[in-house]
Amino acid sequence: MVAILFLLPWHSDSDLTTKKIESSSFTDDEMIDVYPLMMRISVMRETNIFLIKISKRDNAVENYKKASKIFGVDSEPVRIWDFSGQTNLILMNEWNRFPQNCHQRADQEVLLEVQVYAISENMTCKSEVKKDDSASDQSKMNGFSLGGSPVCNGSLGYVDSTLQNGNVKGGGPFGLRGLENLGNTCFMNSAIQCLAHTPKLVDYFHGDYSKEINLTNPLGLKGELALAFGDLLRSLWAPERTPVVPRVFKAKLARFAPQFSGFNQHDSQELLAFLLDGLHEDLNRVKHKPYVEAKDASGRPDEEVADEYWGNHLARNDSIIVDICQGQYKSTLVCPVCSKVSITFDPFMYLSLPLPSTTMRTMTITIFSTDGSIEPSAYTINVPKFGKLRDLIRALSTASSLRNDESLLIAEVYANCIIRFLDEPSDSISLIRDEDRLAAYRLPKDAERAPQVVFVHQRMEEYYILGKRTSWKGFGVPLIAILPDVVDGSTIQKLFLKLVNPFKRSKDTGPVDDQDSCNSNPNDAVPQTVADSESTDDAVEETTDSEDEFQFYLTDEKSKIMQCKLEMDEPVSLPELQKHLYVLVCWQSKALEQYDSNLLNTLPEIYKFRLFPRRPQDSCTLYACLEAFLKEEPLGPEDMWFCPSCKKPQQASKKLDLWRLPEVLVIHLKRFSYSRYMKNKLETLVDFPIHDLDLSTYIAGMPEQASNNYRLYAVSNHYGNMGGGHYTAYVYDERENCWYDFDDRSVSPIAEESIKTSAAYVLFYRRT
């Protein structure tokens, strides 16, 4: 009985003298003890008093046996927690009221009152008072109310029991208090509920953790974050039903992490990362961090190097967070040039796992020629949902029968302008949204890096505001052509006329004769190729008075400014350090009559929901996510590794392996992806184990540890899209073998089969 045994130091240090009160004693004999300690344990919402006397002559083992005998829990750990956090203060204040080294009357009692908020329901009170004992002794047991949140054998539960005639009855919530939403603070509530139901953290913050607060750590927050979190956790476990208002904690959070200030929606995983790191620094037991220089492996055994790295880490970092939440992984880098191998062993607080592709994605893209040989054509292809741009180009090349001497340039079109070129093959196509519009341009392979001209279109449109008015409006899809070495206004005009030649209306619009169609050469139906385009040059040359059809202006990338009109004999130079020359083409009414501009306006969305059947639910296993995280892959161009042998950055290959697993394993599923232009959320359903997550096959080394098996006990969920959405938490109550849904202030039971959803964002496992 931790609370009772904890009183012995104060009891032993005093010289107070009291006598034994037989009516409330639980000692086995009638010997007079000159150093007794009287405890009055009052239980919430009850007026009965429970007295216990512990003698100085008894040792801890005897007191433990007596406590176990009283509460009927043979050889099992018995704990009484003071959830008010004032036990130490009460004991010290009460004890200091009496002068030390003084004599008291023999019949004077020293009563120390301790409020007990929790004991386990299996701790039935079996007093040694027999049935035929006096009524006054029996009355002390009748109606003895025990309420609160028990911590027994490391498990958490809730109980609001009433002990009547030796039996525990009744029930009520403990640890099942919700958190008020202060305004888009559901992300904070979700993360806090998961941490507040981590068993060893509950044990820790219900104990005397103040002695471990590091006030001198420059990386810490002077203990304020730890104290605020501890107070909030105790409030969540107090025997109340009303939701907790985390206003004080939110204020502390905003003070130390301004990114979480205000009332905007944030990421629960980002808050969790800050909170774990902040608690660690506030509670770091290392007051003076030694300087430790990392040594190279130099061919030494991995076990030796890993232990050395871990020892160096613990020399500077030692807290309850490190004890239960930090593990270690092995990182291997290999230089592609000199094959230099670098091995390090780094700590981790959580694992951020990618979601691998398990289904295909349907995409529709329109291909344009850059030489005017064929009309635009739309192609619908299937690509891996989380594949790369190279996968899209490969599938599109196959669908369009791209020749070996050709390549494709992909561009995103918005508001009749090209807003970006997708020219990095390693970019993820998951960043392309269904409502985006993509155009692909066929280029000769030897001209991929040649300068290009981009033609953007405008035409005169009428509108009525206080009468009839006209203005130039953009329309159609931009066209691209390869620029020759010498360019003038006439060259620009010829390139454009060549590009729009497939859009020219035929003079003979009558139907084609069926007999002629049947007897004609099949090759006549094939669209013109680059080789055939020479026959169109004469037609281009014969074009007269083209200014009556088109006018050309140099413009900027967004086509907002007409810089200057192009004259036919005036040379044109490409802007310095730019690959593209942007030309604005103003279509005159005569051109709109001669050319079918509707072909330019046809650019479908990537995916139109009503045109395709409903997509199947994308799913994968948690093990597949882990394998994707651990697989070897090259570093990106922005993450180059400085090779000590080559003496310059290299795009090395990287391989991760799990080496040492923590007591509590936090797994972050990377559902959110970001790019320069957009944000996206992956709705993949991850099938994660609830009862037995076995990581034995993923451990590279064999450090001494209890088990590699884990059980799920909490989940942070995110519903909705990136712009807003809502966070909740699922928490497992081991005592009741029941899951609960924490949705801000609302707390309700939930079936275990409902835990696995596509909203699961952060998973919390504990070792079994």
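Details of the structure are given in the entry above.
Residues numbered from 1 in each chain as written. Predicted model: local features only at pLDDT ≥ 70, side-chain atom pairs only at ≥ 80, totals over all residues. Heavy atoms only, no water.

**Q** Would you explain the overall build of the protein in this entry?
**A** Helix and strand counts for the protein come out as 18 helices and 36 strands. The 768 residues of the protein split such that 49% are buried. Here the contacts in the protein between residues at least 6 apart in sequence split such that 71% fall between residues at least 24 apart. As displayed, the protein offers around 37900 Å² of accessible surface, 50% of which is attributable to carbon and sulfur atoms. (Helix = DSSP H or I, 4+ residues; strand = E, 2+ residues; numbered from the N terminus. Buried < 20%, exposed > 50% of the residue type's maximum accessible area, 1.4 Å probe, protein only. Contact = heavy atoms within 4.5 Å. Areas by Shrake-Rupley, 256 points an atom, 1.4 Å probe, with all protein chains shown as cover.)

**Q** I'm lost on a negative patch on the surface in this one. Help?
**A** A surface patch of like charges, here negative, comprises Asp423, Glu424, Asp427, Glu638 and Asp639. With respect to the helices and strands, the residue Asp423 is situated in the loop between β15 (417-422) and β16 (438-444). Judged by relative accessible area, Asp423 falls into the exposed class, the value being 58%. (Patch = residues over 30% accessible without salt bridge, like charges linked within 9 Å, V, L, I, M, F, W, Y side chains within 5 Å. Salt bridge = Lys/Arg side-chain N within 4 Å of Asp/Glu carboxyl O. Lys, Arg positive; Asp, Glu negative; His and termini not counted. Charge placed at Lys NZ, Arg CZ, Asp CG, Glu CD.)

**Q** I tried to follow the side chain of Arg420 on my own but got confused; where do I start?
**A** Following the sequence through the fold, Arg420 ends up in strand β15. Residue class for Arg420 comes out buried when judged on its relative accessible area of 13%. A polar contact of 2.7 Å, which involves the side chain of Arg420, links it to the side chain of Glu412. (Polar contact = N/O pair within 3.5 Å; in protein donor to acceptor, adjacent residues only side chain to side chain.)

**Q** Help me understand the sheet that holds strand β18 (residues 468-482), please; the structure alone is not making it clear to me.
**A** Hydrogen bonding along the main chain pairs the strands of a sheet, whether they run parallel or antiparallel. Pairing is mixed across the open sheet formed by 5 strands, whose spatial order is β18-β17-β21-β19-β20. In this open sheet, the two edge strands, each paired with only one partner strand, are β18 and β20 (562-565). The average undirected angle you get between the axes of adjacent strands in this sheet is 35°. Pairing geometry for strand β19 (residues 550-555) and strand β21 (residues 580-587), over 5 bridges, is antiparallel. Across the sheet, the residue bridging to Tyr553 is Leu584, located in β21. On top of the sheet, helix α14 (residues 489-499) reaches β17 (452-464), β18, β19 and β21; it is set at about 75° to β17, its chief contact. (Pairing = 2+ DSSP bridges. Axes fitted to C-alpha atoms, helices over the stretch in contact; angles between N-to-C directions.)

**Q** Looking at this structure, how should I read helix α13 (residues 389-399)?
**A** Because the α-helix completes a turn every 3.6 residues, residues three or four places apart line up on one side. What α13 keeps buried is the set Leu389, Asp391, Leu392, Leu396 and Ser397. Of the residues trailing α13, Ser401 is marked for its positive phi of about 55°.

**Q** Looking at this structure, I do not really get the nonpolar core. What am I missing?
**A** Generally speaking, a soluble globular protein has its nonpolar side chains buried in company with each other. Within the largest apolar cluster, 93 residues are counted, with the highest numbers of intra-cluster contacts made by Leu622, Leu763 and Tyr765. Here this core gets 8 residues from one element, more than from any other, and that element is helix α6 (residues 186-196). Not counting residues up to four positions away in its chain, the partners in contact with Leu622 are Leu353, Ile667, Leu669, Val686, Asp687, Phe688, Pro689, Leu693, Leu763 and Tyr765. Grouped together as the second largest cluster of nonpolar side chains are 45 residues, Tyr441, Ala481, Phe496 and Leu600 included. (Core = buried A, V, L, I, M, F, W, Y, C linked by side-chain atoms within 4.5 Å.)

**Q** What should I look at first to understand the sheet that holds strand β26 (residues 653-660) in this one?
**A** Strand order in this open sheet of 4 strands is β10-β9-β26-β23, and the pairing throughout is antiparallel. In this open sheet, the two edge strands, each paired with only one partner strand, are β10 (341-348) and β23 (633-634). With 2 bridges connecting them, β23 and β26 associate as antiparallel partners. Paired with Pro634 across the strands is Ser653, a residue of β26. In the packing of helix α11 (residues 302-316) onto the sheet, the strands contacted are β9 (327-334), β10 and β26, and the crossing angle to β10 comes to about 45°.

**Q** Explain α6 to me, please; I cannot follow it from the model alone.
**A** Burial analysis of α6 places 11 of its 11 residues in the buried class, the great majority of the element. Buried within α6 we find Cys186, Phe187, Met188, Asn189, Ser190, Ala191, Ile192, Gln193, Cys194, Leu195 and Ala196.

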